[in-house]
Amino acid sequence: MSMLGERPKYTFTDAVIKYIEDLERTQSKSNYEIDGDRSKLAWFCGELGETYLSNITKNTLLDMQQRLLEEPTRFGKPRSNTTVNRYITCLKTMLKKAAAEWDWIEEAPNVKMLQEPKKRVRWLTTEEVTRVLPHWPLHIQRMVKFSLYTGLRQFNVTHLERSEIDLKNGRLNIPASKTKNKKPLSYKLHPLALQVIL
């Protein structure tokens, strides 16, 4: 039991459990994003699991950042600066909640993000699509075509349900729980997109 006036001590694992429970309860992120956070925080649990939150400092975050850079992924490849930044952002978000909302720690430590390469937007040409499409299995071809005709994200295509397609009116209706901005998505489908799913 903590002394009067002192905060109870919570471990990193305690914080992860509460953070994920809060996300699932409030549905402030899509299930896909929650799974992503769960996966990232599971990695940190392997490093910091029983560490008290009050003992996590800026140096701890810098150490985690370096370990993420040095440790290869399960595929044996190094993580990019962008990927490491996503991990650290997730960690910082949870620690900020622990300080500002849960009052578990006095202040959340901070660390600078790694420099990321400038993004280059590039569109596939019709010729490129025509050239590579026949090399994929039929079910992949259908998903690629549907993605191209709708502009949907990979998650929305691979998790598309029959109930989200209004064949009678040729419309697509995706609920807010499956979109990145948490707003429902509804629009008329291109005839070629309809051909793919019929």
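The preceding data block contains the structure.
Here we summarise the structure given alongside this text. (Residues numbered from 1 in each chain as written. Predicted model: local features only at pLDDT ≥ 70, side-chain atom pairs only at ≥ 80, totals over all residues. Heavy atoms only, no water.)

A few points about the overall build of the protein chain
Within the protein chain, the secondary structure is distributed over eight helices and three strands. N-terminal to C-terminal, the α/β element order of the protein chain is α-α-α-α-α-α-α-β-β-β-α. Expressed along its principal axes, the backbone C-alpha trace of the protein chain runs to roughly 70 × 35 × 25 Å. By the burial criterion, 33% of the 198 residues in the protein chain qualify as buried. Across the protein chain, 33 positive and 23 negative side-chain charges occur, with their mean positions spaced 10 Å apart. (Helix = DSSP H or I, 4+ residues; strand = E, 2+ residues; numbered from the N terminus. Buried < 20%, exposed > 50% of the residue type's maximum accessible area, 1.4 Å probe, protein only. Lys, Arg positive; Asp, Glu negative; His and termini not counted. Charge placed at Lys NZ, Arg CZ, Asp CG, Glu CD.)

Quick notes on the nonpolar core
Ranked by size, the top nonpolar core spans 31 residues in total, and within it Phe12, Leu41, Phe44, Leu53, Met94 and Leu95 carry the most contacts. Top contributing element to this core by residue count: helix α4 (residues 81-100), with nine residues. Membership of the second largest hydrophobic core comes to eleven residues, among which are Ile165, Ala193, Val196 and Ile197. (Core = buried A, V, L, I, M, F, W, Y, C linked by side-chain atoms within 4.5 Å.)

A short note on unusual backbone geometry
Generally, phi is negative for residues other than glycine and the peptide bonds are trans, each holding for most cases. The phi angle at Gln27 is positive, at roughly 50 degrees, despite the residue not being glycine. Relative to the assigned elements, Gln27 resides in the loop between α1 (12-26) and α2 (31-48). Residue Asp103 is not a glycine yet carries a positive backbone phi of 60 degrees.

A few points about a positive patch on the surface
Taken together, the side chains of Arg86, Lys119, Arg153 and Lys180 make up a positively charged region of the molecular surface. Inspection of the secondary structure assignment puts Arg86 in helix α4. What makes Arg86 exposed here is its relative accessible area of 52%. (Patch = residues over 30% accessible without salt bridge, like charges linked within 9 Å, V, L, I, M, F, W, Y side chains within 5 Å. Areas by Shrake-Rupley, 256 points an atom, 1.4 Å probe, with all protein chains shown as cover. Salt bridge = Lys/Arg side-chain N within 4 Å of Asp/Glu carboxyl O.)

Describing the layout of surface pockets
Taken as a whole, the largest pocket holds about 1000 Å³ of empty space. Looking at the lining of the largest pocket, the elements that each hand over two or more residues are α2, α4 and α7 (154-158). For the lining of the largest pocket, the class distribution of residues is six nonpolar, eleven polar and eleven charged. In this structure, the second largest pocket spans a volume of roughly 250 Å³. Every residue lining the second largest pocket is listed: His139, Arg142, Met143, Phe146, Val157, Thr158, Leu160, Glu161, Arg162, Ile165, Val196 and Ile197. Elements supplying a minimum of two residues to the lining of the second largest pocket: α6 (138-150), α7 and α8 (191-197). Examining the composition of the lining of the second largest pocket, we find that four residues originate from one element, α6, more than from any other. When its residues are assigned to classes, the lining of the second largest pocket shows seven nonpolar, two polar and three charged. (1 Å grid on protein atoms, 1.4 Å probe; cavity = no way out; pocket = protein on both sides within 12 Å on 5 of 7 lines; lining within 4 Å. Points joined across faces, edges and corners; volume = space filled by probe spheres on them. Nonpolar A, V, L, I, M, F, W, Y, C, P; charged D, E, K, R; others polar.)

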